[in-house]
Amino acid sequence: GIKIVTIGGGSSYTPELIEGYIKRKDELPIEEIVLVDIEAGQEKLNIVGEMAKRMIKAAGLDWKVTLTLDRFNALKDADFVTTQFRVGLLDARVKDERIPLSHGILGQETNGAGGMLKAMRTIPVIDSIIEDMRQQCPNAWLINFTNPAGMVTEAAINEFGWERTIGLCNVPITHCMDVSEKLNVEQAELNFQFAGINHFHWHRVWDKAGNERTKEVIDLLYKEDEDAPDSALKNIHDAGYNVDQIQDLGLLPCGYHHYYYSEDIMLEHSIEEFKNGETRAQVVKETERSLFELYKNAELDYKPEELTQRGGTYYSDAACEVIASIYNDKRTQMVVSTQNKGAIADLPYNSIIEVSAEITSHGAMPYNWGSFMPAARGMLQLMKGMEETVIRAAVEGNYGAALHAFTINPLVPAGNTAKRVLDELLYAHKEHLPQF
Ligand code: NAD
Ligand code: G6P
Ligand code: MN
């Protein structure tokens, strides 16, 4: 039987993961699911862990569910390890969002200054998880959704050498749903191709007859008279895009491109939220509180609808599909973070990219994309350089590299602001930054 270990098991997303496994019970002979957390997360772990047990029992399955704080022993003989932890909990996210905003610059948990700090806190923990895996489960696959998922995956593979790592995000899934709805064509009747890096990728779409529909979708989504939301992502403000610019690009941007293509509108909106004490982390605290109230109900044995209020909805299901596809060599087409291997001609061979790929028993095989037009290529290369510099800063505890990453990041004004915001964030998070 299969043993799956989830690190950060106390997450409110865990019921979606369990639902995903139950859906695939015929292709996943699970023996044991271990949910690992830390002391600070123990209460959440117990509540959501009991809920997981009820869901599995209600499905008539005999899978063993273990809840533990002992990560090292939990990893013994694991086949798959999934990571969904948040170093410093939501309080750290509040700081990632509010400190930059207090200096008048964007505060977001995966983009800009906050995202870079989240990487610096998370990368040392991924390092220590991989250390444990080397001893306890040397053949296991690591399925990472811990954000910033692209940088964390790149560190796991390129810095710590765990080649059997796949990174995941729900954004591509959400976009496929959006496009299918806009075109009023079933998703199965459409063919998508995605390429870029995590939270900074583009996509194209064709129909069954082989006609490219990308430009049509751009008009449907971004023409000015369109008042329907242009992004189904719950955590991203619908700033809209300038349709002429996107038509010139000829590619569909992802939801996170709003921070770059519509930066001033996004900033203005975020400052508004900041003033009202309603940054996303503050809102999520409330959502999480009511989710855990639901999970406490000993009658509840299915994933509640309210979980779709979280921005990451659907990502756990994608994780289950990656596991099923590796285990059964299904070769499912999915969008994942994996090594480039030449798929994007504009980035180094071993860079971690987010790309449409086939998921096989030996990992993700990316589909070739080719080159981007200069307008996209330039930004993509800049963003990748920023990511690599953040990783170097995180691994070495290198202040100069951190400042350099802040200088490169398009959402941080270089100079005094970069230094001030970096210093304040490093101080605020010092408990979780032993390397600095
Ligand atoms: P959360 O705040 O609920 O944290 C999940 C659990 O991690 C908590 O129970 C916490 O106690 C635990 N934890 C913290 N530090 C830990 C450590 N060192 N070891 C083990 N457990 C630890 O977070 P969440 O909202 O469920 O999100 C979890 C992670 O997944 C975050 O990093 C978030 O950014 C990411 N996420 C990614 C996607 C995606 O698209 N890839 C989608 C949603 C969330
Ligand atoms: C998304 C992203 C995730 C992110 C999440 C935030 O859609 O893909 O990477 O973590 O939303 O959601 P939240 O509900 O925590 O704001
Ligand atoms: Mn994501």
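Note that the structure is a prediction, hence the values are computed from the model and not measured. (Residues numbered from 1 in each chain as written. Chains lettered and ligands numbered in written order. Predicted model: local features only at pLDDT ≥ 70, side-chain atom pairs only at ≥ 80, totals over all residues. Heavy atoms only, no water.)

Before going further, it helps to spend a moment on helix H13 (residues 315–327). Here H13 contains 13 residues, and its C-alpha end-to-end distance of 18 Å stays within 8% of the 18 Å for a straight helix at 1.5 Å per residue. Across the 13 residues of H13, 11 count as buried, placing the element largely inside the fold. Looking at H13, one finds that the buried residues are Tyr315, Ser316, Ala318, Ala319, Cys320, Glu321, Val322, Ile323, Ala324, Ser325 and Ile326. Remark: aspartate 329 follows H13 within two positions and exhibits a positive phi of approximately 50°. (Helix = DSSP H or I, 4+ residues; strand = E, 2+ residues; numbered from the N terminus. Expected span 1.5 Å × (residues − 1). Buried < 20%, exposed > 50% of the residue type's maximum accessible area, 1.4 Å probe, protein only.)

Expected angles at a metal are 109.5 degrees for tetrahedral coordination by four donors and either 90 or 180 degrees for octahedral coordination by six donors. Around the manganese ion (ligand 3), the protein contributes the donor atoms Cys169 (SG) and His199 (NE2), which lie 2.2 to 2.3 Å from the metal centre. Linking cysteine 169 in the loop between strand S6 (165–167) and helix H7 (171–183) with histidine 199 in the loop between strand S7 (190–197) and strand S8 (200–207), this pair joins segments that are 30 residues apart in sequence. (Donors = N, O, S within 2.8 Å, 3.2 Å for Na, K, Ca; no water.)

Okay, the pairing of strand S5 (residues 141–144) next. Of the two faces of S5, the one lined by Trp141 and Ile143 and the one lined by Leu142 and Asn144 are each fully buried. Pairing between strand S4 (residues 80–83) and S5: four bridges, direction parallel. Residue pairing for S5: valine 81 is matched across the bridge by leucine 142. As judged from the three bridges shared by S5 and S6, these two strands associate in the parallel manner. Looking at S6, one finds that isoleucine 143 is bridged to isoleucine 166. Handedness of the crossover joining S5 and S6 through helix H6 (residues 149–159): right-handed. (Pairing = 2+ DSSP bridges. Right-handed = clockwise from strand over helix to strand, strands pointing away.)

A few words now on the pairing of S4. Burial of S4 is two-sided: the residues Phe80 and Thr82 facing one way and the residues Val81 and Thr83 facing the other way are all buried. Where strand S1 (residues 2–7) lies against S4, four bridges are found, and the strand directions are parallel. From the neighbouring strand, valine 5 faces S4, where its bridge partner is valine 81.

Within the secondary structure layout, arginine 54 lies in helix H2 (residues 42–58). This buried residue, arginine 54, is left without a salt bridge; glutamate 50 holds the nearest opposite charge, at 5.7 Å. Engagement of the side chain of arginine 54 in a polar contact is seen with the backbone oxygen of tyrosine 295, the distance being 2.8 Å. In this structure arginine 54 touches Tyr295, Asn297, Ala298, Leu300 and Asp301, once residues within four positions along its chain are discounted. (Lys, Arg positive; Asp, Glu negative; His and termini not counted. Salt bridge = Lys/Arg side-chain N within 4 Å of Asp/Glu carboxyl O. Polar contact = N/O pair within 3.5 Å; in protein donor to acceptor, adjacent residues only side chain to side chain. Contact = heavy atoms within 4.5 Å.)

The subject of this paragraph is the site of ligand 2. Near ligand 2 lie 16 residues; those nearest to it are Arg93, Asn147, Asn170, Arg280 and Gly311. In the model, an oxygen atom of ligand 2 is placed 3.0 Å from a nitrogen or oxygen of the glutamate 109 side chain. Between ligand 2 and glycine 312, the relevant distance is 3.5 Å, taken from an oxygen atom to a main-chain nitrogen or oxygen of the residue. Protein chains shield 93% of the accessible area of ligand 2, which is 390 Å² for the free molecule. Broken down by class, the residue content of the shell around ligand 2 amounts to six nonpolar, six polar and four charged. (Near = heavy atom within 4 Å. Areas by Shrake-Rupley, 256 points an atom, 1.4 Å probe, with all protein chains shown as cover. Nonpolar A, V, L, I, M, F, W, Y, C, P; charged D, E, K, R; others polar.)

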